[in-house]
Amino acid sequence: MTDWIRVCGADEIDDEDVIRFDSGGRTFAVYRTPDGYFATDGFCTHEEQHLADGLVVGRVIECPLHGGRFDVASGKALSAPVCTDLRTHDVKVEDGQVFLAL
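Quick caveat, the model's predicted, so the values are computed rather than measured.

Caption draft 1: Looking closely at the sheet that holds strand E10 (residues 91-94). The antiparallel open sheet is built from three strands, whose spatial order is E1-E11-E10. With one partner strand each, in any of the chains shown, strand E1 (4-9) and E10 form the two edges of the open sheet. Going from strand to strand, the sheet's axes swing by 30° on average, the running direction of each strand aside. Pairing analysis gives five bridges linking E1 to strand E11 (residues 97-101), with the strands arranged antiparallel.

Here it is in structure tokens:
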């Protein structure tokens, strides 16, 4: 059974933006893209930088430390120096609220 936890109101994340969400000792990044809402682990796989400080363009997050890029929907590493994919997490929007599957 999936446990869903409320992250925020859907309107609390701007278009093409990301927020940090901490729960149970873990950090997540939750994104709003033109294709919907997505979530990944919150740290870059290259040097443990918070991705919530990065830039979102379309479905791509760019790490603010070294500029590595990931597809937020699949977690796929897209450019150097990152070579390890991000773990993704299910997200749903109900009644104007964003929920993350834990």
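What follows picks up the thread again.
Caption draft 2: Representation of the sheet that holds strand E4 (residues 36-41) within the structure. Taken together, four strands build an open sheet; the order of strands is E2-E3-E4-E9 and the sheet is antiparallel. The two strands at the open ends of the sheet, each matched to only one other strand, are strand E2 (17-23) and strand E9 (88-89). Of the strand pairs in this sheet, E4 and E9 are connected by two bridges, and their pairing is antiparallel. Considered in E9, the bridge of threonine 40 is made with threonine 88.

What counts, and where the lines are drawn
Residues numbered from 1 in each chain as written. Predicted model: local features only at pLDDT ≥ 70, side-chain atom pairs only at ≥ 80, totals over all residues. Heavy atoms only, no water. Pairing = 2+ DSSP bridges. Helix = DSSP H or I, 4+ residues; strand = E, 2+ residues; numbered from the N terminus. Axes fitted to C-alpha atoms, helices over the stretch in contact; angles between N-to-C directions.

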